[in-house]
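Analysis of the macromolecular model
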Amino acid sequence: QVQLVESGGGLVQAGGSLRLSCAASGRTFSDYGMGWFRQPPGKEREFVAGISRAGFSTRYADSVKGRFTISRDNAKNTVDLQMNSLKPEDTAVYYCAADYRPLPVGVTTAPSSYDYWGQGTQVTVSS
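A brief report on the enclosed structure follows.

Calculation rules
Residues numbered from 1 in each chain as written. Predicted model: local features only at pLDDT ≥ 70, side-chain atom pairs only at ≥ 80, totals over all residues. Heavy atoms only, no water. Helix = DSSP H or I, 4+ residues; strand = E, 2+ residues; numbered from the N terminus. Rg over C-alpha atoms; globule rule 2.2 N^0.38 Å. Buried < 20%, exposed > 50% of the residue type's maximum accessible area, 1.4 Å probe, protein only. Areas by Shrake-Rupley, 256 points an atom, 1.4 Å probe, with all protein chains shown as cover. Phe/Tyr/Trp six-rings, centres within 6.5 Å; stacked < 30°, edge-to-face > 60°. Lys NZ or Arg CZ within 6 Å of the ring centre and 35° of its normal. Polar contact = N/O pair within 3.5 Å; in protein donor to acceptor, adjacent residues only side chain to side chain. Contact = heavy atoms within 4.5 Å. Disulfide = S-S within 2.5 Å.

Let us now look at the overall build of the protein chain. Check the secondary structure of the protein chain and you find zero helices and 11 strands. Its C-alpha radius of gyration of 13 Å places the protein chain within 12% of the 14 Å reference for a compact globule of 127 residues. Evaluated residue by residue, the protein chain yields a buried proportion of 44% over its 127 residues. Summed over its atoms, the accessible surface of the protein chain is roughly 6,200 Å², and 48% of this surface lies on carbon and sulfur atoms.

Another point: the packing of aromatic side chains. Enumeration according to the criterion identifies seven aromatic pairs in this entry. When the ring of Phe37 is compared with that of Trp117, the centres are 4.9 Å apart and the planes differ by 55 degrees; the resulting orientation is tilted. Taken together, the positions of Phe37 in strand S4 (residues 32–39) and Trp117 in strand S10 (residues 116–117) put the pair 80 residues apart, joining distant regions of the chain. The buried category is assigned to Phe37, whose relative accessible area is 0%. With centroids separated by 6.5 Å and ring planes inclined at 80 degrees, the aromatic side chains of Tyr95 and Trp117 adopt a geometry described as edge-to-face. In this pair, Tyr95 sits in strand S9 (residues 92–100) while Trp117 sits in strand S10, placing the two residues 22 residues apart along the sequence. Take Tyr95: its relative accessible area is 13%, and that puts it in the buried class. Classification of Trp117 by relative accessible area gives partly exposed; the value is 26%. The rings of Phe37, Phe47, Tyr95, Tyr114 and Trp117 are connected pair by pair, giving a single aromatic cluster. In this arrangement the basic side chain of Arg45 is found over the ring face of Tyr95, its NZ or CZ atom lying 3.8 Å from the centre. Geometry around Trp117 places Arg45 over its ring, the cationic atom sitting 4.7 Å from the centre.

With that settled, consider the side chain of Arg53. Relative to the helices and strands, Arg53 resides in the loop between strand S5 (46–51) and strand S6 (58–60). Reaching out from Arg53, the side chain makes a polar contact with the backbone oxygen of Arg101 at a distance of 2.8 Å. Excluding residues that lie within four positions of it along the chain, Arg53 makes contacts with Ser30, Asp31, Tyr32, Gly33, Arg72, Asn74, Arg101, Pro102, Leu103 and Pro104.

Right, let's talk about the state of the cysteines for a bit. Under the definition given, this model contains one disulfide. Disulfide pairing places Cys22 opposite Cys96 at an S-S distance of 2.1 Å. Taking the sign of the S-S torsion, -75 degrees for the link of Cys22 and Cys96, the bridge is left-handed. With a gap of 74 residues between them, Cys22 in strand S3 (residues 18–26) and Cys96 in strand S9 connect regions that are remote in the sequence. Exposure class is identical for Cys22 and Cys96. Each is buried.

And the structure:
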């Protein structure tokens, strides 16, 4: 089992920044690719950003490219999402997720590929 706990959500004005953090415990953190997803009100959960086991590969949704940055620290068992230039359409519950990967490369965007999920943290961007 892997336990994931997100933090850092909140209310911010459009154009502002937030940094989300996800702390992992349980199994070996570096065995897992990590992802951030979000679920806007009334919509499906969607991929935001992902990072490979060692952090050498990242992927982003087109809607956040150039504004969001995912990073991880395998020594601290954390993965962060720096969100800049926030827009009202970024409003959602943000989830951290872990994807067990036997190979140290690659990032998957499909929610069904992820094995463990955090409880989510609310991000609200006001216009």
